[in-house]
Number of protein chains: 2
Amino acid sequence: MGIKKSVKRVDAVQKATGSAKYVEDLIPVGALHAKMVRSTIANGIVKSIDTTEAYRMPGVELILTCFDVPNHLYPTSGHPLSLDPNHSDTKDKLILERRVRYYGDDIAVVVADTPLNARLAAEKVVVEYEVFEPLLTPEAAVNNPCSLHEIRPNNELSRLDFEISPGGDVRFYNAEFSTDPKIAGRDDLIGVHYSVPTMNACHIETNGCFAYMEGRKLIVCSCNQVPHTLRRNIADAIGIPVGNVRVIRPYIGGGFGNKQDTMYEPIVGLCSMKLGGRPVAITLTREETFVNTRVRHAFDMMIKSEADADGKMTKRGLRINSNGGAYAAHTHAVTAYAITNNFQNYLTSGVQIGESSTAYTNLPSAAALRGYGIPQLSFAMESEMDDIARENGWDPVDFRLKNIQTDGFVDPFDKFVVSSCGMHGCIQKGREVSDWDRKRKAYDEFNKSSDKIKKGIGMACFSYKTGVWPIQIENASCRIMMNEDGTATVQVGATEIGQGSDTVLTQMVSEITTIAEDRLTLVPFCDTDTSPYDSGAYASRQTYISGGAVKQTAELLRNKLLARAASVYDLPIESLTIADERILDKESGQTVCTFAELCTFMNFTNDHVTETEHIIAESTFTAQSICFSYGVSFIDIEVDVPLGKVKINKVYSVHDSGQILNPALAHGQLHGGIAMGIGYALGEQLLFDQKTGKPLNNNLLDYKIPTAMDMPEVETYFVETYEPTGPFGNKGLAEPPLIPQAPAIRNAVLHATGVGIRKLPMNPQNLVHAFIEAGLIEA
Amino acid sequence: MGIKKSVKRVDAVQKATGSAKYVEDLIPVGALHAKMVRSTIANGIVKSIDTTEAYRMPGVELILTCFDVPNHLYPTSGHPLSLDPNHSDTKDKLILERRVRYYGDDIAVVVADTPLNARLAAEKVVVEYEVFEPLLTPEAAVNNPCSLHEIRPNNELSRLDFEISPGGDVRFYNAEFSTDPKIAGRDDLIGVHYSVPTMNACHIETNGCFAYMEGRKLIVCSCNQVPHTLRRNIADAIGIPVGNVRVIRPYIGGGFGNKQDTMYEPIVGLCSMKLGGRPVAITLTREETFVNTRVRHAFDMMIKSEADADGKMTKRGLRINSNGGAYAAHTHAVTAYAITNNFQNYLTSGVQIGESSTAYTNLPSAAALRGYGIPQLSFAMESEMDDIARENGWDPVDFRLKNIQTDGFVDPFDKFVVSSCGMHGCIQKGREVSDWDRKRKAYDEFNKSSDKIKKGIGMACFSYKTGVWPIQIENASCRIMMNEDGTATVQVGATEIGQGSDTVLTQMVSEITTIAEDRLTLVPFCDTDTSPYDSGAYASRQTYISGGAVKQTAELLRNKLLARAASVYDLPIESLTIADERILDKESGQTVCTFAELCTFMNFTNDHVTETEHIIAESTFTAQSICFSYGVSFIDIEVDVPLGKVKINKVYSVHDSGQILNPALAHGQLHGGIAMGIGYALGEQLLFDQKTGKPLNNNLLDYKIPTAMDMPEVETYFVETYEPTGPFGNKGLAEPPLIPQAPAIRNAVLHATGVGIRKLPMNPQNLVHAFIEAGLIEA
C-alpha cells in the first residue's frame, strides 16, 4: 500500500482480459464510417474534385471535399494554451486541404454505412491536381520559391539561434538557413555531419475517433493523450465554442507522443454535424497511422565540441536542420528542445553556440515522439563525446565524468538550479555492473585477432527535462470523492497511455490517505465535461505534475477527514491522525472512527444539527519548477562485420528518476524504452520515394520494429535521488529510457570496429557501406 | 435567461431527434441477454429446478437458479441510507427466490447470446413446486398461518396507528389488523368503505439494465431514478463493497417512482460476475413491466369525518389496509404517507384517529408511484368531504374553505409550520375560472329534466409534501466546473426522468451566475464514480432539495469568480459584481473582465506568480425543512347513465407550487398529471385471477391508459406563493397534478347523478352497477 512498492497495475485485469474498452470498442452501433480521400501527389494544388461516381456507390451518406470546409486555420499540437503569443502554436491546418503538402494529404472524406463502402466510394473520387516538385528535405525546401504555407513563404517554419557566453548568459539571434560545415560561420566550429531518420511510434492501437451530437454538444471520443487541449483544437477547427465540445478519452493502446496531436477529430465532428449529429467514426489503418498521423523529426546535425588536454570541455557548437514535414504540429518545439539540450549535459568553459531550423517539407508532419528531439540530439552529442575520447585516447567514461552536470548546475535557459543530479552515480553504477573496464580491454584484445566478429562495449548518457515549465504552464487538477463505505474515487485529467500513471497516481492517494489501492478507483477515462483539467500526457510530466495535483488533493482530503472527525466527535483536530483508513487518537492510538463510519455519517446523518457533506476534495496544482532525469546505457555487442549485423549481448541501463514510486512499473518502462531505442538504433526508418514523396514502407512487414524475439538480455537499475520539487522526490521516467540506446550501440560499434557511424539506422546496409568506406571489408 | 422563464428544455433536441441514449441504446455489442424464469404459481415453494434441457438450447451461456444465489436478504427500495434503525428499509429479498410469493416471481435466470435464445431456453427450465393457496388481499393474508416472509410471520409488514389530540399532540399505539367499520373500535367512528385498485406507472421506457466488469469494478447501467441508492442496494444484494459498484444512469424514459426500486440490477450483475465480467443485459417486456416491477398500492379504507352545524370539522377517523404485495419495497412508507395526510388538509377541532396496516400478499410488490399514497387517500378523503357537504346541503367549495389549512398550520407529525399556503387562492381561482357557482346550479336544473345524460361539476383539493425530511435525510450535492471559454458544466446527482429537472436546475445556475443556459451543460447522466451525491428523483424534491444544492453551489462559484477577479485585477471584492458573464465594477458598471478571460487566465497563466486554478465549485446542501404544495381540480363532466360512461368536458386545474421556475414546463407537468389522474379515475386497474393470482391484463391492449385522443380540454393555472425554504421560493410540482383528478371526477359524478362512488376505477362496469344499486337504471 502506498508508494515505493510494486503495486499491481490498476488496469492489469482490464487490459489482460480485454474488458478495457478502447475507442474502436465504443463506436456506437449504427455509426457511419469515414474514409479519407488522400492525395496521390506530395506537392501541388487540387484543381477540382468530382464526386459524382463516388456518390453513386452503395451506402454513401456524405462526401466533403476541400472545397467544403471552414476556411480558417487551426493548430493541431497538444500543448496547453499559452497566453504568450510567442509560444502560441502555429495555426496552419484546414480540416481538408486544397494545397496538397504531402503524399496522402487529406483532400476529401467519404462517409458511408460501413468502412468498406466508404473505402470503395473513396476510390471513385476523381481528383485533378496541379503538380509541383516534392521538397523532401530542409535543404530542398528552405528558400525554395514554391511556398508550402503562406504564413512562412520561405518554408522555414521556425529558428532558434543562440550563443551562451562562458558566464552562462544566453544571447539569442537570427541566423540564416545553412548546411555549411562551419557552425555559425565560424572557422573554429567546423562541424561533423550526423543524420537521423524519420520514424513512427508504432503504438499498438492505431489512431481513431468518432463523433456524434447530443443537442448542441459535439461529443468526440478519441484515443488522444491530451483531451483538454484536443477539445480546444476541435472547437477552433470547426469554429464552435469550447463549451459545445465534449471529449471522451477511454483506455488508450499506446501513444508515445503521436497521440498528442489533433488528427481526425475535427473531420468526424464536422461530418457528424452535417449529418444531423449521427455518429461518424474513423479508424486509421496501420498504413495510414505510419504517415497520416505524426512522425519523429529527421534531423541533419552539424556538431563540433572540443575538450582541452585535461579532458575538460571548452567549446560546443551545434546546428540542427530539422525536417518538420507538411504541417507545423509541434512546430519548432521539438527542435528547440533538442538544440538546448546539447548545452545542458556537460559543463563547458568556453563559447557555446546553437543554431537550429525547422523546415516545412513535403513529408508527413513531425511532432512529439518519446524523447521529443533528445534521442536525435543524443545520437550526435554522445557519439561525438566518444569520438573526442577516442581521438585523445581517453576512456569515454572517465572523459564524461570529468564534464557531466552536477548538483548546483544552473540551466542556462531556464536558470533553474539542479539539486538532484544522479548522473555521476548512474555512470559509476553502469561502469560497475557492465564490467566496463575489464571488457573494454578484453574486447580490444579479442578484436585484434578477429576480423569477422568484433566485440565492443559502448555507453551513452543523457539528461532529460521533466515538464516544460517555464516555456509553458505546468498545472494539473485532481478530484477525490469519498464513498460511504470509506472507499474513494479519484479523477485526474492525466492520461494513462500504458506508462502506468493511473497506478502510480493511485499509489500516491493511498500513501497520503491510507486507503488501500484496491479500495480506490482512479477513473480510467477522461471526460472533459466531468474530469478536472490537466494538460495531459507528455514531457514525462504525469507523476511529477499530475502527481503534484494528486498529492495536494489527497492532503486536502486527509485534512478534511480529520476536520470532520474532530467536529463530529468534538475532539481537537491536533489530537487526531490517520492510519489504515481510520481516524485515530494520536496519543493512545485508539480508533475514533473508520473512514467508512465518518463518511456514512457525514453523508447520511439526520441528527437535525449537522450539515451533511458528500466529502470530496478538488484542487489545481501549479508547478513552477522543472527537473532533470538522468540515465546511462552500457551496451555490450558483437558486430558481424561482413554482414553489417550488430548483435546485442546485453544492455545495462541505469537511471536516476528520483524516488522510484513503483519499482516493477519503473523497470518495465526501462525495458520498453530499451526496446524502442534498439529499434531506432538498428532498423527503424520511414522511407519515401525521393522523386514522388510516396511512402515506401509504411507497414509492419517492411518497417521492422523489435519484437520480443529481438530483445537482448537487459539489466536495469535505478540510482535513487530525491528531487525536492517532485511530489514524492520523483522525476520523469516515461520517455528517457529510449534516449541513450542508439548512441551507446553506436559507441560500442566504434569500440568494436573503430568505425564511427554518423547516420541512423545502423542497419546492415548502412553498416556495410561504412565498413567498406573504412576499409574493413571490400566492396 | 434564468428562472421564471419558459426556457426550452435542455434535452429537447436530444429527445426529439433520438440522439438521447437510453439504457437499451447503450447495451454493448456482443452483450449476453438474460431472461427470467418466472413462477407459474403465486404462493409456494420451489422444490426443484431441472435445467438440463434448457442448457442444451442454442446460445445458452449460464443458468442460475434460486439454489445458486447468495443467501442474504437485501432491501430494494430507493431511500437514502437511514442511520436510524427504525427507518431502515426492510431487507426481505433474495436475488432469486425459492419461496415463491407472487405469480411471476424470479426463480431462475437464463443468459444466452440473444434475447430470443434466452427466452426459448427459459421455457425449457422445468420447475417443481409445492403449491399454497394465494393470499391476494390484506384480509386474506394477515394472520393467515401461511407466512410469506419469516421476518413477518403474520404477513403484516408494518402498522402506523395514532391518535391526535385536539391540542395537536400525537400518541402512537399499536392496533390490531381489522376490517371492521368501527375505526379504532369506536362507536363514534363508523367508517364508510372506499377502495382503490392496483395500477402500474406505464412509463414509456420499460425497465432494463445491463452489467459488466472492468477489473474488480462491477459497472451497472440502469434507468433507475436513484442511482446512488441503487449502488448500495446492488452491493448489498451481491455482497461486494459499495466502492466496487459503479452505476451509470443515462437518459430515462419516464419512471413515476417505479424506477425508484432496485430491480434486476443485482441479477445481471451477478451473472456478469459469474461470466468473467462479460456484459449481461435484461430488458423487460411491457408485460413484465406491469407486474414484475412495482405497482401502486391498492388501499381498502374505512373513513369517517364529521363537521358541526357551522361546517367546521370536528372529528376525523381513517383506517387504511394497504396491499403491499410480495416484497416490502417501499414498505409501509407509502401507507404512512397517506394515513398522515388525512390529518393535514383540514383543521379539525376534535379527536383524530388514524390506523393503518400494510400487508404482504401474493401480488406484485407495491411501491412508489406518483403521489406516494396520496392519490389513494385523496379519493376517500375528498369524496367524503363532498358527501358531508351534500348531506348538509352545503356547497362543497364553501365547506372546504371553512376548514382548509392556512399559513401558520402546524403539521402534527413533523411540527413544521406552514408559511406559504396557497390553498385558499387555488380554490378561489378554480371556483372562478370553472364558473363553479353558475354551473352547479345550471347543471342541477339540467339534470332535473335529463335522465340519460347528467351534467356535473366536481372538485377536489390536496396538499402534498415536498421532500421527506425529517423521516429521512434530505441532502444533495452539485459541482460546477468553469471552462476556459466562460461556459460551464454542471453535475448533479439528481435524476431527470422527464419532469424537466435538468432544465430547471440549469436555469438556476444561469440565474445565479448570469451564464446563459445555452452556454451551460448540465451533464445528462449520472455516474456514481464521478457525479456528486444525491438521493435522486422522488418526493417531488428535485427543484426543492437538489435545487438548493445547485443554488448554493452556483453562489459559491459566483463568489469564487469575484474573488479571483479581485485578486487578479487587484481590486476590492466589494467593488465588484457580475452581469452577462462578466465581472463589473459595481459603481461604474465598467467591465473588469469577461468570465472567459478570467477562466482562461486562471487556468493558463504562466506569469510565475499566480497559482493557477481550474475554477470549480462543489458543495452539499442539507435541507432541514419541508413544505406543502397545494392544488385543486374542478372538473366539468357529463355522465351517460345507462352506459356508465363519464365524458369530461373540461378540467380546471389550479396549483400552488410556490414560485414557478419554468412556466411552460410547469404547465406541462399539470397536463401530464391530469392525464394520469384521469386514467386512475376512469379506467386503470391491474386485474388478477382471484384463484391463482395470475395477472389478467398486464398489457397495453387490455389495460387502457388515456391517450392524446382521450384528453379533455384542460385549463391550468398557478397561484404563486413564495416558500421561504425553497431555493427560489419554489415547491414540489412533479407528483401533485395527478392527485385531485379522481375525487374531483367522482364528486362531479355525485353532482350529476347523486350517486357517491366509493371504488375506483369509475369504469362503465362499476358505474352501471352503482347506478343500478342507486335505482337510476334497471339491471
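The structure presented is a predicted model; accordingly, all values stated were derived computationally and were not measured.

Observations concerning the domain arrangement of chain A
Residues and elements named next belong to chain A.
Here's step 1: We note that the domain assignment places domain 1 (12-132 + 207-283), domain 2 (374-469 + 625-773) and domain 3 (475-622) within chain A.
Here's step 2: Each of domain 2 and domain 3 was reduced to a C-alpha centroid, and the two centroids are 40 Å apart.
Here's step 3: Summed over both partners, the interface of domain 2 with domain 3 buries about 1400 Å², with 63% contributed by carbon and sulfur atoms.
Here's step 4: Viewed at the interface, domain 3 and domain 2 are joined by 11 residue pairs in polar contact (both at pLDDT 80 or more).

A word on the sheet that holds strand β7 (residues 156-164) of chain A
Residues and elements named next belong to chain A.
Here's step 1: One open sheet accounts for six strands, arranged β8-β7-β16-β15-β14-β9; its pairing is mixed. Two strands close off the open sheet at either side, each with one partner strand: β8 (170-173) and β9 (192-196). Direction aside, neighbouring strands of the sheet carry axes that sit 15 degrees apart on average.

A few points about the pairing of strand β5 (residues 106-112) of chain A
All names here are of chain A.
Here's step 1: Extensive coverage of β5 is indicated by the burial of seven of its seven residues.
Here's step 2: The pairing of strand β1 (residues 32-38) with β5 spans six bridges and is antiparallel. Counted as the bridge partner of Met36 is Val109 from β5.

Looking at the relation of the copies chain A and chain B
Here's step 1: Of the transformation superimposing chain A on chain B, the axial component is 0.0 Å and the angular component is 180 degrees, with the fit at an RMSD of 0.0 Å. Interpreted geometrically, this transformation is the action of a two-fold axis.
Here's step 2: Taken together, the interface assignments show that 100% of the residues at the interface of chain A recur at the interface of chain B, consistent with an identical surface on both copies.

What to know about helix α13 (residues 436-448) of chain B
All names here are of chain B.
Here's step 1: Here α13 contains 13 residues, and its C-alpha end-to-end distance of 18 Å stays within 8% of the 18 Å for a straight helix at 1.5 Å per residue.
Here's step 2: Every buried residue belonging to α13 is among Trp436, Lys439, Arg440, Tyr443 and Asn447, and all of these are buried. Down the axis of α13, the buried side of the element spans an arc of 105 degrees, and every buried residue falls inside it. Residues of α13 that are exposed and point over 90 degrees away from its buried face: Lys441 and Lys448.
Here's step 3: Of the surrounding secondary structure, the elements contacted by the buried residues of α13 are α11 (396-403), α12 (423-433), β17 (453-466), β26 (627-640), β27 (645-656) and α18 (741-753).

Quick word on the nonpolar core
Here's step 1: Residues Ile427, Ile648 and Ile745 of chain A are the most contacted members of the largest nonpolar core, which totals 101 residues.
Here's step 2: Per element, the largest residue contribution to this core is eight residues, and it comes from helix α10 (residues 374-392) of chain A.
Here's step 3: In this structure Ile745 of chain A touches Ile635, Ile637, Val646, Ile648, Ile678, Ala681, Leu682 and Met762 of chain A, once residues within four positions along its chain are discounted.
Here's step 4: The next biggest cluster of nonpolar side chains, apart from the first, holds 99 residues, and it includes Ile388, Met459, Cys461 and Val719 of chain B.

So, the side chain of Arg159 of chain A
All names here are of chain A.
Here's step 1: By the secondary structure assignment, Arg159 is in strand β7.
Here's step 2: Here Glu156 takes part through its side chain, which lies 2.6 Å from a polar atom of the side chain of Arg159.
Here's step 3: Looking at Arg159, its side chain comes within polar contact range of the main-chain oxygen of Ala175, at 3.0 Å.
Here's step 4: Setting aside residues up to four positions removed in sequence, Arg159 forms contacts with Asn174, Ala175, Glu176, Phe177, His332, Glu355, Ser356 and Ser357.

Topic: helix α4 (residues 115-122) of chain B
The periodicity of an α-helix, 3.6 residues per turn, causes residues three or four places apart in sequence to face the same way.
All names here are of chain B.
Here's step 1: Within the span of α4, buried status applies to Asn117, Ala118, Ala121 and Ala122. Down the axis of α4, the buried side of the element spans an arc of 135 degrees, and every buried residue falls inside it.
Here's step 2: In the core, the buried residues of α4 are packed alongside β1 (32-38), α3 (52-55), β3 (60-65) and β5 (106-112).

So, the sheet that holds β1 of chain A
Residues and elements named next belong to chain A.
Here's step 1: Reading across from one edge, β3-β5-β1-β13-β10-β11-β12-β21 is the order of the eight strands in this open sheet, with mixed pairing throughout. The open sheet has two edge strands, β3 (60-65) and β21 (526-527), and neither has a second partner.
Here's step 2: Sitting on the sheet, helix α4 (residues 115-122) is in contact with β1, β3 and β5, with an inclination near 25 degrees to β1.
Here's step 3: Contacts from helix α6 (residues 227-238) reach β11 (217-222), β12 (245-249) and β21 within the one sheet, and its direction differs from that of β12 by about 140 degrees.

Observations regarding the packing of aromatic side chains
All names here are of chain A.
Here's step 1: This structure, assessed with the given rule, holds 28 aromatic pairs over all chains.
Here's step 2: With 5.9 Å between their ring centres and 85 degrees between their planes, Tyr337 and Tyr464 make a pair best called edge-to-face. One end of the pair, Tyr337, is in helix α9 (residues 333-341); the other, Tyr464, is in strand β17 (residues 453-466), with 127 residues separating them in the sequence.
Here's step 3: Exposure remark for Tyr337: the relative accessible area of 16% places this residue in the buried category.
Here's step 4: Aromatic rings pair up to connect Phe162, Phe172, Phe343 and Phe413 into one cluster.
Here's step 5: It is Lys455 that lies over the ring of Phe446; its NZ or CZ is 4.7 Å from the centre.

Rules used in this analysis
- Residues numbered from 1 in each chain as written.
- Chains lettered and ligands numbered in written order.
- Predicted model: local features only at pLDDT ≥ 70, side-chain atom pairs only at ≥ 80, totals over all residues.
- Heavy atoms only, no water.
- Domains from an automatic or database assignment.
- Buried area = accessible area lost by both parts, 1.4 Å probe.
- Polar contact = N/O pair within 3.5 Å; in protein donor to acceptor, adjacent residues only side chain to side chain.
- Pairing = 2+ DSSP bridges.
- Helix = DSSP H or I, 4+ residues; strand = E, 2+ residues; numbered from the N terminus.
- Axes fitted to C-alpha atoms, helices over the stretch in contact; angles between N-to-C directions.
- Buried < 20%, exposed > 50% of the residue type's maximum accessible area, 1.4 Å probe, protein only.
- Least-squares fit on C-alpha atoms with pLDDT ≥ 70 in both.
- Contact = heavy atoms within 4.5 Å.
- Expected span 1.5 Å × (residues − 1).
- Arc of directions from axis to C-beta.
- Core = buried A, V, L, I, M, F, W, Y, C linked by side-chain atoms within 4.5 Å.
- Phe/Tyr/Trp six-rings, centres within 6.5 Å; stacked < 30°, edge-to-face > 60°.
- Lys NZ or Arg CZ within 6 Å of the ring centre and 35° of its normal.

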